[in-house]
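The lines below spell out each chain.
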Amino acid sequence: MSYALFALFVAGVIFWWIWISPFSFTYSDTTLDIDEEATHRVFAFGTLRNHFVRSLIIRRYVPTEPAKLGGYRRYGLDLLPDEDSVTEGVIFYVTPTQLRRLDRYERVGVKYERYLYTLEDGEHAWVYRLISDIQPILEE
């Protein structure tokens, strides 16, 4: 087996373990406690803006619309409160199953947490925020 095929195999195993395997992730209460009948609106400002990444995680293409979240500024892959800032991103709609796939990708309860925020259009959307020890200090 060539080195390239071996590297591709290893990458596939890593992808499976992180994003598909039932053995590498435990759903948090946030993930389990969602409305099973609703269509969920998600605001993306980072990697989920990329249609290829989003489609791969959700397992289908979903259209997006431009959206803005006021009162926050982007800081790397997170948001920091800043009443004078507006973060630009996209919104899209998902089923409860697809929302759980996004939670798994974002490692909800481990790396990120999912919050319901009001966007500039006055409507609510789920937003993923990095879990950090310094976050409460920055928000005060």
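(A) Representation of the overall build of the protein chain within the structure. Helix and strand content of the protein chain: 5 helices and 5 strands. Counted from the first residue to the last, the protein chain has its helices and strands arranged as α-α-β-α-β-β-α-β-β-α. Residue burial in the protein chain is summarised as follows: out of 140 residues, 38% are buried. Considering only contacts within the protein chain whose residues lie at least 6 apart along the sequence, 64% involve residues at least 24 apart. Summed over all atoms, the accessible surface of the protein chain reaches about 8,700 Å², with 58% contributed by carbon and sulfur.

(B) Expanded view of the packing of helix 3 (residues 51-58) against helix 4 (residues 96-106). Put simply, helix 3 and helix 4 touch, their axes get as near as 8 Å, and they point 115° apart. The orientation of helix 3 relative to helix 4 falls into the category roughly perpendicular. Of the residues in helix 4, those touching helix 3 at V53, I57 and I58 are Q98, R101, L102 and Y105. Of the residues that constitute the contact of helix 3 with helix 4, the class distribution is 5 nonpolar, 1 polar and 1 charged.

(C) Main features of the sheet that holds strand 4 (residues 112-118). Strand order across the open sheet formed by 5 strands is 2-3-1-5-4, with mixed pairing between neighbours. The open sheet is flanked by strand 2 (65-75) and strand 4, the only strands paired with a single partner. For this sheet, the mean angle separating the axes of adjacent strands, direction not counted, is 40°. Relative to strand 5 (residues 124-130), strand 4 runs antiparallel, the two being bridged by 7 bridges. When the sheet's bridge partners are listed, Y115 is paired in strand 5 with V127.

(D) Expanded view of a nonpolar patch on the surface. A contiguous nonpolar surface patch, about 440 Å² in accessible area, is contributed by F6, F9, V10, V13 and I14. With respect to the helices and strands, V13 occurs in helix 1 (residues 3-19).

(E) Structural context of the confidence of the model for the protein chain. Mean pLDDT for the protein chain: 84, with 81% of residues reaching 70 or above. Put simply, helix 5 (residues 135-139) is where the protein chain has its lowest mean pLDDT, 46, and strand 1 (residues 40-44) is where it has its highest, 97. With pLDDT under 50 throughout, residues 134-140 is counted as low confidence; its partners more than four residues away or in other chains account for 6 contacts.

(F) Examining the environment of P66 more closely. Structurally, P66 is set in strand 2. Taking the relative accessible area as the measure of exposure, P66 reaches 78% and is therefore exposed. Placed 22 residues apart in sequence, P66 and A44 show a C-alpha to C-alpha distance of 9.7 Å. The contact partners of P66, leaving out residues within four places of it in the chain, are G89 and V90.

Cut-off values and rules
Residues numbered from 1 in each chain as written. Predicted model: local features only at pLDDT ≥ 70, side-chain atom pairs only at ≥ 80, totals over all residues. Heavy atoms only, no water. Helix = DSSP H or I, 4+ residues; strand = E, 2+ residues; numbered from the N terminus. Buried < 20%, exposed > 50% of the residue type's maximum accessible area, 1.4 Å probe, protein only. Contact = heavy atoms within 4.5 Å. Areas by Shrake-Rupley, 256 points an atom, 1.4 Å probe, with all protein chains shown as cover. Axes fitted to C-alpha atoms, helices over the stretch in contact; angles between N-to-C directions. Parallel < 35°, antiparallel > 145°, perpendicular 65-115°, else oblique. Nonpolar A, V, L, I, M, F, W, Y, C, P; charged D, E, K, R; others polar. Pairing = 2+ DSSP bridges. Patch = residues over 30% accessible without salt bridge, like charges linked within 9 Å, V, L, I, M, F, W, Y side chains within 5 Å. Salt bridge = Lys/Arg side-chain N within 4 Å of Asp/Glu carboxyl O. pLDDT = per-residue confidence, 0-100.

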